[in-house]
Amino acid sequence: MSTNRAAWGWGLASVDEEGNTLDVWYPTLTLGLLDEVPAPAERENHNFAALISDHADARGIRRRAVFTISRVDEPIVDAADAYARLHLMSMRLAAPNTLNLEGIFGALNNVVWTNYGPFAVHNFALRKLDVLADAQSSGHSAADINVLSIDKFPRMVDYVVPAGVRIGNADRIRLGAYLSEGTTVMHEGFVNFNAGTLGVSMVEGRISQGVVVGDGSDIGGGASIMGTLSGGGKHRVSIGKHSLLGANAGIGISLGDNCVVEAGLYITAGTKISMYDKERVAAGLPLDVVKGADLSGKDNVLFIRNSVTGAIEARSRAAGKLGIELNSDLHKN
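All of these numbers come straight from a predicted model, not from anything done at the bench.

Criteria and thresholds
- Residues numbered from 1 in each chain as written.
- Predicted model: local features only at pLDDT ≥ 70, side-chain atom pairs only at ≥ 80, totals over all residues.
- Heavy atoms only, no water.
- Pairing = 2+ DSSP bridges.
- Helix = DSSP H or I, 4+ residues; strand = E, 2+ residues; numbered from the N terminus.
- Polar contact = N/O pair within 3.5 Å; in protein donor to acceptor, adjacent residues only side chain to side chain.
- Expected span 1.5 Å × (residues − 1).
- Buried < 20%, exposed > 50% of the residue type's maximum accessible area, 1.4 Å probe, protein only.
- Phe/Tyr/Trp six-rings, centres within 6.5 Å; stacked < 30°, edge-to-face > 60°.
- Contact = heavy atoms within 4.5 Å.
- Domains from an automatic or database assignment.
- Buried area = accessible area lost by both parts, 1.4 Å probe.
- Salt bridge = Lys/Arg side-chain N within 4 Å of Asp/Glu carboxyl O.

Chemist: Is there a simple way to explain the sheet that holds strand β9 (residues 177-178) in this structure?
Modeler: Two strands in a sheet stick together by hydrogen bonds in their backbones, pointing the same way (parallel) or opposite ways (antiparallel). On the basis of which strands lie adjacent, the open sheet formed by four strands has the order β9-β12-β15-β18 and parallel pairing. The strands lining the two open edges of the sheet, one partner per strand, are β9 and β18 (238-239). One ladder, built from two bridges, connects β9 with strand β12 (residues 195-197); its direction is parallel. Looking at the pairing, Ala-177 lines up with Ala-195 of β12.

Now the structure itself:
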């Protein structure tokens, strides 16, 4: 649905020889209404003068200042627009799933990300030689060019460094991730674009695109949360407050508040789950069986696998009892 919302700001773009925009860095952005965008004469420019280049460097890259106006509820129109929306989320100006990201993969170019900055893919080998030769002719030692990744999305921390977070491995946090203050992402944790944490959280597993994790929740080591990028259902998985997704566990349904999924247990929408009832067990009666989808988003649920029968069970947890309590010292960031 089209609205009057817009984001705007000056960015520094890297443009290759064919005119493709490889990336855009926005030091600041403003999110407001379209009629609040300043007129051209009133647009305060960042001091990009020393960084702008009319001639390509040894990578074949020119750097240009661009003023971007992104109509955030309409489909993405180009790479500068896409980068603006990714920055908005990592800057905590817009939460995941609140911006229109239609067209983002078509707008972004695949890029060779290196310690020297972005390179175009098609002539990377030749440009690598040019960079090394340029360094040698300038009297500098030619350091190795390290390829960090070949991808459409760069590392978040090369563009946005949010306050109050800890990140064990920056390579595993994509630009467009939303990390609330107090979040700790351990070395094997991963957060995709348009995904993240809405409060103090511990992340040792995978938060896929579109997924949000509530305050006080813990994503255990090796745990996985289904996203929607690879097709299938359109349900946006979320985790509520003070919930625990155990080590090597996974979910394709949402968890409400105060929930726990046992380590190693994977729950999907079609998983058959027995509703544990102490009185029915005592009477020797069979338990009611539901699908995982029927419990999606419910509060105060413990999901476990019965070690005797092998059946997956859902048991009620006392309302108001915290599923977990994070170590407050660990999250003083």
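From this point, the narrative continues.
Chemist: Looking at this model, I keep getting lost on the side chain of Asn-192. Mind explaining?
Modeler: By the element assignment, Asn-192 lies in the loop between β11 (190-191) and β12. Among the polar contacts listed, one links the side chain of Asn-192 to the side chain of Arg-174, at a separation of 2.9 Å.

Chemist: What exactly am I supposed to notice about helix α1 (residues 79-90) here?
Modeler: Residue pairs spaced three or four apart in an α-helix point in one direction, given the helix's 3.6 residues per turn. End to end, α1 covers 17 Å across twelve residues, agreeing with the expected 16 Å (1.5 Å per residue, within 8%). Summarising burial for α1: twelve of the twelve residues are buried, a large majority. Turning to α1, its buried residues number three or more, namely Ala-79, Ala-80, Asp-81, Ala-82, Tyr-83, Ala-84, Arg-85, Leu-86, His-87, Leu-88, Met-89 and Ser-90. The backbone nitrogen of Ala-80 lies 3.3 Å from a side-chain oxygen of the residue at the head of α1, namely Asp-78.

Chemist: I tried to follow the packing of aromatic side chains on my own but got confused; where do I start?
Modeler: The relation between two aromatic rings is expressed through the spacing of the ring centres and the mutual angle of the planes. All chains considered together, the criterion is met by six aromatic pairs. Ring plane angle 70° and centroid distance 5.4 Å describe the contact between Trp-10 and Phe-67, whose orientation is recorded as edge-to-face. Residue Trp-10 is located in strand β1 (residues 5-15), and its partner Phe-67 is located in strand β4 (residues 62-70); the two are separated by 57 residues in the primary sequence. Using a relative accessible area of 17% as the deciding quantity, one classes Trp-10 as buried. Between the aromatic rings of Tyr-83 and Tyr-159, the centroid separation amounts to 6.2 Å while the plane-to-plane angle is 40°, which identifies the pairing as tilted. Taken as a pair, Tyr-83 in helix α1 and Tyr-159 in the loop between β7 (147-151) and β8 (166-167) lie far apart in primary sequence, 76 residues in all.

Chemist: Teacher, can you tell me more about the environment of Lys-291 here?
Modeler: Inspection of the secondary structure puts Lys-291 in strand β24 (residues 288-291). As a C-alpha pair, Lys-291 and Pro-75 span 216 residues in sequence and 35 Å in three-dimensional space. If we skip the residues at most four places from it in the chain, Lys-291 touches Ala-269, Thr-271 and Lys-272.

Chemist: Mind showing me how you'd approach the environment of Trp-113 here?
Modeler: Along the chain, Trp-113 falls in strand β5 (residues 111-114). Here the side chain of Trp-113 touches Asp-151 through a polar contact of 3.0 Å, landing on its backbone oxygen.

Chemist: What's the story with the domain arrangement of the protein in this structure? I'm lost.
Modeler: Interface size is commonly expressed as the accessible area that is lost once the parts come together. Looking at the assigned domains, one finds that the protein contains domain 1 (5-151) and domain 2 (156-330). Centre-to-centre, using C-alpha coordinates, domain 1 lies 34 Å away from domain 2. The interface of domain 1 with domain 2 comprises 19 residues on the first partner and 22 residues on the second. Summing both partners gives a buried area of about 1700 Å² for domain 1 against domain 2, and 59% of it is carried by carbon and sulfur. The interface formed by domain 1 and domain 2 includes one salt bridge.

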